[in-house]
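# A closer look at the structure
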Amino acid sequence: FTEAIKRGVLQNHEILKGAIRDEDREVSHYAVSMVTTKIEQLEMRLFELEEHLKQESAEKYMDNLRAYIRTLEEYLSLDFLDMATKRKRVREYCAALQELLDASPLEEHAYVERIRYEIWLGLYDEALKTCAAFQKAFPNAEEAYLRFIEVYAKMKDREKLQAKLDELKKSPL
């Protein structure tokens, strides 16, 4: 664990999970402390950005929105969040992504992320709407087709999944 700290590989969640479960109480305590500190830092940054979004001028708003989205993305990548907190932050993330897409509909990554988390929330109808908007914005993107296919697979809708696969096969992609 000490070697991992020296090499700065603590961004690897598997190492942290192992350290938290370590038999050495000092190691596990230190790992928990590191995770807690990281979560607190991200929550403070999110709070600051939320305040900026409420108060900033229009020209700085989009920069702050993008920073807020990046911070939420980093926060959600942590594997140490309780389910209620994660669910709350995922909803905020989806709302922020939609706000970004409303202002700038050519943000491919925002579509992909929003669809991924709408699926995670079980909001399949919303995910399909986002897929449709994604495909409209990027009609020649294979990724848009793949997101539709992913949603239909999660919904276990074989007919629509097969229809989208056929549509993809017939496309020039």
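Quick look at the overall build of the chain now. Per the secondary structure count, the chain includes nine helices and zero strands. Of the regular secondary structure in the chain, the N- to C-terminal order runs α-α-α-α-α-α-α-α-α. In terms of overall size, the chain is more extended than a compact globule, its C-alpha atoms giving a radius of gyration of 20 Å where 173 residues would be expected to give roughly 16 Å. For the C-alpha atoms alone, the extent of the chain along its principal axes is close to 60 × 45 × 30 Å. Within the chain, the proportion of its 173 residues that are buried is 36%. Partitioning the intrachain contacts of the chain with sequence separation of at least 6 by distance along the chain shows that 50% fall at a separation of at least 24. Entry remark: accessible area of the chain is about 10,800 Å², with carbon and sulfur atoms responsible for 51%. Counting 28 positive and 34 negative side-chain charges, the chain places the centres of these two groups 4 Å from one another.

Moving on, we come to helix α8 (residues 142–155). Its 14 residues give α8 an end-to-end C-alpha distance of 20 Å, which sits within 8% of 20 Å, the value for a rise of 1.5 Å per residue. Within the sequence span of α8, burial applies to A144, Y145, R147, F148, I149, V151 and Y152. Within two residues after α8, K156 carries a phi angle of roughly 60 degrees, on the positive side.

Our focus in this paragraph is the packing of helix α4 (residues 58–76) against helix α5 (residues 83–103). At a minimum axis separation of 10 Å, α4 and α5 run at an interaxial angle of 145 degrees. Our pair here, α4 against α5, has a crossing hand that is left-handed. Taken together, the residues of α5 that come into contact with α4 (itself represented by Y61, M62, L65, R66, Y68, I69, L72, E73, Y75 and L76) are T85, K86, R89, V90, E92, Y93, A96, L97, E99, L100 and A103. Taken together, the residues of the contact of α4 with α5 sort by class into 14 nonpolar, one polar and six charged.

On to the environment of A144. One can find A144 in helix α8. Sequence separation of A144 and L65 is 79 residues, and the distance between their C-alpha atoms is 24 Å. The residues contacting A144, other than those within four sequence positions of it, are F134, Q135 and F138.

Okay, the pattern of salt bridges next. Counted under the stated rule, the structure contains 14 salt bridges. Two residues, E92 and R89, come together in a salt bridge whose shortest N-O distance is 2.7 Å. Taken together, the positions of E92 and R89, both in helix α5 and three residues apart, correspond to about one turn of that helix. On the accessibility criterion, R89 (9% relative accessible area) is buried. What you see here is one network of salt bridges that share partners, running through E50, K88, R89 and E92.

As a further point, take the nonpolar core. Ranked by size, the top nonpolar core spans 46 residues in total, and within it Y68, I69, Y75, L76, Y93 and V151 carry the most contacts. For this core, the secondary-structure elements that each account for two or more residues are α2 (13–20), α3 (25–55), α4, α5, α6 (108–121), α7 (124–137), α8 and α9 (158–170). The leading source of residues in this core is α3, at eight residues. Apart from residues no more than four positions distant in its own chain, I69 is found in contact with Y93, A96, L97 and L100.

Conventions and cut-offs
- Residues numbered from 1 in each chain as written.
- Predicted model: local features only at pLDDT ≥ 70, side-chain atom pairs only at ≥ 80, totals over all residues.
- Heavy atoms only, no water.
- Helix = DSSP H or I, 4+ residues; strand = E, 2+ residues; numbered from the N terminus.
- Rg over C-alpha atoms; globule rule 2.2 N^0.38 Å.
- Buried < 20%, exposed > 50% of the residue type's maximum accessible area, 1.4 Å probe, protein only.
- Contact = heavy atoms within 4.5 Å.
- Areas by Shrake-Rupley, 256 points an atom, 1.4 Å probe, with all protein chains shown as cover.
- Lys, Arg positive; Asp, Glu negative; His and termini not counted.
- Charge placed at Lys NZ, Arg CZ, Asp CG, Glu CD.
- Expected span 1.5 Å × (residues − 1).
- Axes fitted to C-alpha atoms, helices over the stretch in contact; angles between N-to-C directions.
- Left-handed = near helix turned anticlockwise from the far one by under 90°.
- Nonpolar A, V, L, I, M, F, W, Y, C, P; charged D, E, K, R; others polar.
- Salt bridge = Lys/Arg side-chain N within 4 Å of Asp/Glu carboxyl O.
- Core = buried A, V, L, I, M, F, W, Y, C linked by side-chain atoms within 4.5 Å.

Everything listed here is a matter of geometry and, on its own, says nothing about what the molecule does.
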